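Given next are the chains, with one letter for each unit.
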Amino acid sequence: MKKVGKPVFFIVALLIFALTALSFTGIYTQYGDITTTHIKGVQDVRWGIDIRGGVDVTFFPSGDYQATSAEMVAAEAVIRQRLLVQNITDYELYPDHDRNRIILRFPWRADEVDFNPIRAIEELGATAMLTFREGVEVDEYLRPAGHTAENIVLTGSDVASARADMIQNEFGVTEFVVDLVLHESGRQAFSEATGRMIGQQISIWMDDDMLSAPVVRSHLTDGRATISGDFTAEEAGRLADQITGGALPFSLETDNYNTISPTLGMGALQAMVLAGVIAFALISLYMVFQYRASGFVAVIGLVGQLGLMIAAVTGFFPFVPSFVLTLPGIAGIILSIAMGVDANIITAERIREELYQGKTLDGAVASGYRRAFTAIFDGNITVIIVAVILMGAFGPSGSLFASMLRPVFFMFGPTTAGAIYSFGYTLLVGVIANFVMGVFACRLMQRSLCRIGPMRNPWLFGGAR
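A quick note: this is a predicted structure, and the numbers were derived from the prediction, not measured.

Draft legend 1. Fine view of the pairing of strand S4 (residues 54-61). For S4, a buried count of eight out of eight residues is recorded, marking the element as mostly surrounded by other parts of the structure. Burial along S4 is two-sided: Gly54, Asp56, Thr58 and Phe60 facing one way and Val55, Val57, Phe59 and Pro61 facing the other are all buried. Pairing geometry for S4 and strand S6 (residues 101-107), over six bridges, is antiparallel. Counted as the bridge partner of Val57 is Leu104 from S6.

Listed below in structure tokens is the structure:
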């Protein structure tokens, strides 16, 4: 068995405390009124609407209109555009193609004091007005003005289709473009406009927000056009969806909506955080009192587990995006900590058994972790399976686990996503953090600690005096 050096305990413990501290505080620099985020902390957590307050609403086509999947995606693009115009960037939006529904959840803005959910829903669900206008003349609010405001070339109803495409230009370079096909109603007007505006811009607007302003390169007479520019594949697809969205033949109605006030949500958050802090303190005291050195190492591991979970929520790691944290998500964090405690108790008891059987301290620690691993692995792997099922059955239809489990859980629609999905996410992250900290980091620290002279008393690890 390879021995672990004495400094390993201090190195691992220092790394754990540093990670946990940074995951809470983050690193920011201030230059004048501009704050630059280098490492995200707790203040960057994206709170769900059950904490921050907000609206949970479902839209559907009015009347008996049966929208196609493409039209539902286009309607989604319209709502997304309206959210961005209102500076609402922290939202959940996805279509339920099976039920012809569009599900939207968005929190109140931090500076919002007039909580009027009905007005917000009406603004987001109103039929969008897509227009093609001459020029790019705007006022101080970047709305169409002057010649641009007065001269509309086409409206959304004149657009038959818009789709993203990939072509090679005259230099052999691949470009992403948007191909337009017009209805007969718009071909004459578009032909007349492009004939006299060669070298000028025709701007495309969604309500009062400019989407694009391509330059007319040639006279177009067949009702077809190609919008080119410095587009990525995603940008070209989004523009195509927005243009198609402006041509929707139906308006959106509200199926149902729920709202929650920020005061109620923050009150519940404060109560849950306080309960978590008290529980963590009591558990730490119990672990140290009952298992002495093993309990002390376990507490350090639990601190690291909490730090990893917070980091996974805030976007601390560049390869893990920030996640919307809800009250059930916080419950998942607390439950994961409890599972971490359970794993450490199992290990401490195994070490104690080995010591009472007469093994040396080094041998008892190594054997205790080896015997405990199977039980810890079995318990945690079952929770991982449950977490994956929760995220698949109750998650957005485009998520990884939802795609994997769609053949099994096809009866669940994305209308159920949100709070339960957040619970599954934090539970999954917590179990992974438990393996990293409770199994591997704690084993390194404990094997190192038992090699330090004053700590080589078996009683400190659960043995007899």
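Having seen the model, we can carry on.
Draft legend 2. Examining the sheet that holds strand S11 (residues 202-206) more closely. Here four strands make up an open sheet; going across it, the order is S8-S7-S11-S12 and the pairing antiparallel. The open sheet terminates on both sides in strands that have one partner only, identified here as strand S8 (152-155) and strand S12 (209-212). Along the sheet, successive strands turn relative to each other by an average axial angle of 35°, direction set aside. Here three bridges tie strand S7 (residues 130-134) to S8, and the two strands are oriented antiparallel to one another. Bridged to Phe132 within S8 is Leu154. Of the strands in this sheet, S7, S8 and S11 are in contact with helix H6 (residues 184-196), which crosses S8 at around 145°.

Draft legend 3. View of the packing of aromatic side chains. What the rule picks out here adds up to four aromatic pairs. Seen from their ring centres, Phe9 and Phe10 are 5.2 Å apart, and the 80° between their planes marks the pair as edge-to-face. Their ring planes at 80° and their centres at 5.0 Å tell us that Phe316 and Phe317 sit as a pair that is edge-to-face. The class for Phe316 is buried, based on a relative accessible area of 16%. In this structure an aromatic cluster arises from ring pairing among Phe373, Phe377 and Phe435. Over the face of the ring belonging to Trp459 we find Arg292, whose NZ or CZ atom lies 4.3 Å from the ring centre.

Draft legend 4. Spatial organisation of the sheet that holds strand S9 (residues 159-168). Across the sheet, which stays open at both edges, the three strands sit in the order S9-S10-S13 with antiparallel pairing between neighbours. In the strand order of this sheet, the two ends are held by S9 and strand S13 (224-227), each with one partner. In this sheet, adjacent strand axes meet at a mean angle of 25° when their direction is disregarded. Examined bridge by bridge, strand S10 (residues 174-182) and S13 share four bridges and lie antiparallel to one another. Residue Val181 lies in a different strand from S13, and its bridge partner there is Arg224.

Draft legend 5. Region of the structure containing the packing of helix H1 (residues 7-25) against helix H9 (residues 293-314). Two elements in contact, H1 and H9, have axes whose closest approach is 8 Å; the angle formed by their N-to-C orientations is 35°. By crossing handedness, the relation of H1 to H9 is classed as left-handed. Facing Phe9, Ala13, Ile16, Phe17, Leu19, Thr20, Ser23 and Phe24 of H1, the residues of H9 in contact are Phe296, Val297, Ile300, Val303, Gly304, Leu306, Gly307, Leu308, Ile310 and Ala311. The class makeup of the residues in the contact of H1 with H9 is 14 nonpolar, four polar and no charged.

Draft legend 6. Quick peek at the environment of Met445. Looking at the secondary structure, you find Met445 in helix H13 (residues 419-449). Taking the relative accessible area as the measure of exposure, Met445 reaches 0% and is therefore buried. Placed 147 residues apart in sequence, Met445 and Ala298 show a C-alpha to C-alpha distance of 9.5 Å. In contact with Met445, other than residues within four places in its own chain, are Phe9, Val12, Ala13, Ile16, Val297, Ile300 and Gly301.

Draft legend 7. Spatial organisation of a nonpolar patch on the surface. On the surface, Phe373, Phe377, Ile381, Ile385, Ile389 and Phe440 cluster together into a nonpolar patch covering about 480 Å² of accessible area. For the nonpolar patch, the leading source of residues is helix H11 (residues 361-393), giving five residues. Structurally, Phe373 is set in helix H11.

Draft legend 8. Broad picture of unusual backbone geometry. Here Leu142, not a glycine, exhibits a phi torsion of approximately 65°, which is positive. Examined against the element boundaries, Leu142 turns out to sit in the loop between S7 and helix H5 (146-150). If you check the backbone angles, Arg292 has positive phi at about 55° while not being a glycine. Position of Arg292 among the secondary structure elements: in the loop between helix H8 (262-291) and H9.

Draft legend 9. Layout of helix H10 (residues 327-356). Helix length check: H10, at 30 residues, gives a terminal C-alpha distance of 44 Å against a target of 44 Å (1.5 Å per residue), a fit within 8%. A positive phi of about 100° marks Gly358, the residue just after H10.

Draft legend 10. A look at the nonpolar core. In this structure, Ile16, Ile351, Tyr425, Met445, Leu449 and Phe461 are the most contacted members of the largest nonpolar core, which totals 58 residues. Secondary structure elements with two or more residues in this core: H1, H9, H10, H11 and H13. Looking at this core, the element that brings in the most residues is H13, giving 14 residues. With near-sequence residues (within four places) excluded, Ile351 lies in contact with Ser294, Ala364, Val365, Gly368, Tyr369, Gln446 and Phe461.

What counts, and at which threshold
Residue numbers here run from 1 along each chain, matching the order of that chain's written sequence. Per-residue local features are limited, in this predicted model, to residues with pLDDT of at least 70; the limit for side-chain atom pairs, both in listing and counting, is 80 or more; totals at the level of whole chains, interfaces and linings are taken over all residues. Think of the side-chain values as coming from all heavy atoms in the structure, minus any hydrogens and water. Remark: exposure states derive from per-residue accessible area (1.4 Å probe, protein chains only) relative to the maximum for the residue type, with buried under 20%, exposed over 50%, and partly exposed in between. A run of H or I in DSSP counts as a helix once it spans at least four residues, and a run of E counts as a strand once it spans at least two, with each numbered from the N terminus. By definition, two strands form a pair when at least two bridges between them are found by DSSP. For every element, the axis is a line fit to its C-alpha atoms; helices are fit only across the contacting stretch, and the angle between N-to-C directions ranges from 0 to 180 degrees. Any two residues having at least one pair of non-hydrogen atoms within 4.5 Å are treated as being in contact. In summary, the pairing rule links any two rings of Phe, Tyr or Trp, Trp by its six-membered ring, whose centres are within 6.5 Å, and it sorts them by plane angle into stacked for under 30 degrees, edge-to-face for over 60 and tilted for everything else. By definition here, charges over rings are those cases where NZ of Lys or CZ of Arg is within 6 Å of the ring centre and within 35 degrees of the ring normal. Crossings are assigned a handedness: left-handed for a near helix turned anticlockwise from the far helix by less than a right angle, right-handed for a clockwise turn. Here the nonpolar group is Ala, Val, Leu, Ile, Met, Phe, Trp, Tyr, Cys and Pro; Asp, Glu, Lys and Arg are the charged ones; every other residue, Gly included, is treated as polar. Surface patches are defined over residues having more than 30% relative accessible area and no salt bridge, joining like charges when they lie within 9 Å and nonpolar side chains (Val, Leu, Ile, Met, Phe, Trp, Tyr) when within 5 Å. Residue burial considers only the protein chains on display, and all accessible areas are found by Shrake-Rupley using a 1.4 Å probe. One speaks of a salt bridge when a side-chain nitrogen belonging to Lys or Arg is within 4 Å of a carboxyl oxygen belonging to Asp or Glu. Residue count minus one, scaled by 1.5 Å, sets the expected span of a helix. To qualify as a nonpolar core, a set must consist of buried Ala, Val, Leu, Ile, Met, Phe, Trp, Tyr and Cys residues joined through side-chain atoms within 4.5 Å.

Distances and angles like these do not, on their own, reveal function.
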